[in-house]
Amino acid sequence: MQSAGAKRTLKDNLFTGDDATRIASSLTFYGDGPMYFKQKSNVIFRNYESFGYITDNRNFGYKKTDNNGNDIGDKIVSQSGAVFLSILGQKPQTIEDIAKKITVQFTNVDLETIKNDAREFFRILEQDGFVVSGKTLQECDEKDSRFSYEVLKPAIGTSDCYPINKTFNKSSQEFLDEYFKVEPQLTSLHIEITNKCNERCVHCYLPHENSANHIETDLFYNILEQCNDMKLLHLTLTGGEPMLHKNFSDFLKKCKEYNLSVNVLSNLTLLNDEIIEEMKKNRLLGVQVSLYSMDPKIHDAITNTKGSFEITKNAILKLKENDIPLQISCPIMKQNKNSYKDVLLWAKTHNIHVGFDYVIIAKCDNKTNNLINRLPINDINEIIKDKIVDVPQYLELVELEAKNKRNDTPDDIVCSVCHSSICIAENGNVYPCAGWQGYVVGNVNEESLKEIWINSKNIQHLRALRKRDFPKCIQCLEKSLLRRICG
């Protein structure tokens, strides 16, 4: 690669947009500046050749109670910046070693210029939270601190337990959509590594009768390799109960090697020390677990598994003890409508984020017997009223969302599935999403994930759908009411 700027320093070409001005006008760091640099361990970088994309895990990881300072966002860097970041990596290197590797790519620029430009480039990325530096290797590693529950603020009350969305300038997908206007970019994959589960939750959308199949290990590793080639960012591992797979720990290890953001959806009843140790090694990993009530009888009645409450609760505390980020999910249904708030309060005292909703979907085999657990509309109204009282910002957010709906057009897409995400079952079948397993769009045993993503007729059909294809939904009464509420 030749330097586009020749003797004009590379720093003018490392960022895009406003960030290019920042580095062009930045100070030059000489003297006793940092010797070692590295990319932070909770950051994902992808080189798309014509540009580079770097992000923290906030688009995919689970929020902690105290979000202050945890979110650093996304950044697009130029083609030259992508080269610098590719060479930087996640192990501390001296600026001299980094510069020598960069000179191989920029043969028309002298070593000293590259060293100075790299130092300035990385220092700005350090200010933005993507990079750490140090005068010694040890100092550099120590600055790359991992998440800890101990540093979170003491929690009082329930308001922060509710899922409040923080507004960002752009999401990861919005950044990438700007560069992939014609062909959607797959950024998130959901893999069901087994359809077997050791619980029988009354509301579950998955039919578990005679389900005892696991994904073949070679197939899983092959899928990960394909994900790496497609520059995937986020992977969800689930089931059934994913920890029932004999190679679950090995799967986690391989995900770390590919620098994937990983979320594990589990009931945690099979959590053990080996799994905990592997989870601790991956700073891009989060866990989601369902806790339905602090009353063991209610929780166990929902899971249809005696003793599950105590095991799950203790596993949650074990993850906290080991500083593994997790989110508690508390679906609200008839059985726990009077006790779900106890879960919110308990989670709050432990600085664990908890989300809840009252949506229960029918089973993916089209059976609806699980919907008997749904709350009636009057109960849902009461829950919403309580939420407005507990979280004053909630009504404001609802109104803001309703206002944004007014900007919807008939040409907008209906759903993000097959635009940025997709699901693979244990038998290799590919579905639009986990809850829609009756619509197979391909099988990774028969063709590559990329071929399915690009060429599947079923996927192309879903992508072509627009809101205008559902006129009754566009004109529904609820939407009209929201518009009137918001003026």
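Structural notes, computed from the coordinates.

Rules used throughout
Residues numbered from 1 in each chain as written. Predicted model: local features only at pLDDT ≥ 70, side-chain atom pairs only at ≥ 80, totals over all residues. Heavy atoms only, no water. Axes fitted to C-alpha atoms, helices over the stretch in contact; angles between N-to-C directions. Helix = DSSP H or I, 4+ residues; strand = E, 2+ residues; numbered from the N terminus. Parallel < 35°, antiparallel > 145°, perpendicular 65-115°, else oblique. Contact = heavy atoms within 4.5 Å. Nonpolar A, V, L, I, M, F, W, Y, C, P; charged D, E, K, R; others polar. Buried < 20%, exposed > 50% of the residue type's maximum accessible area, 1.4 Å probe, protein only. Arc of directions from axis to C-beta. Polar contact = N/O pair within 3.5 Å; in protein donor to acceptor, adjacent residues only side chain to side chain. Pairing = 2+ DSSP bridges.

What about the packing of helix 2 (residues 79-88) against helix 4 (residues 111-127)?
Then, number 1: The N-to-C vectors of helix 2 and helix 4 enclose an angle of 85°; their axes lie 11 Å apart at closest approach. Judged on the interaxial angle alone, helix 4 and helix 2 are roughly perpendicular. Where helix 2 abuts helix 4, its residues Gly81, Phe84, Leu85 and Leu88 lie against Ile114, Asp117, Ala118, Phe121, Phe122 and Leu125.
Then, number 2: Taken together, the residues of the contact of helix 2 with helix 4 break down into eight nonpolar, one polar and one charged.

Digging into helix 9 (residues 273-281)
Then, number 1: The set of residues buried in helix 9 consists of Ile275, Ile276, Glu278 and Met279. Viewed end-on, helix 9 has its buried residues packed into an arc of 165°, placing them on one side of the element. Exposed positions of helix 9 whose direction lies more than 90 degrees from the buried face are Asp273, Glu274 and Lys281.
Then, number 2: Between a side-chain oxygen at the N-terminus of helix 9 and the backbone nitrogen of Glu274 the separation is 3.2 Å; the capping residue is Asn272.

Things to note about the pairing of strand 11 (residues 326-331)
Then, number 1: Of all six residues that make up strand 11, six are buried, and the element is covered over most of its length.
Then, number 2: Neither face of strand 11 is open: one carries Leu326, Ile328 and Cys330, the other Gln327, Ser329 and Pro331, and all of them are buried.
Then, number 3: Where strand 10 (residues 285-290) meets strand 11, four bridges bridge the pair, whose relative direction is parallel. Each bridged residue has a counterpart across the sheet, and for Ser290 the counterpart in strand 11 is Ser329.

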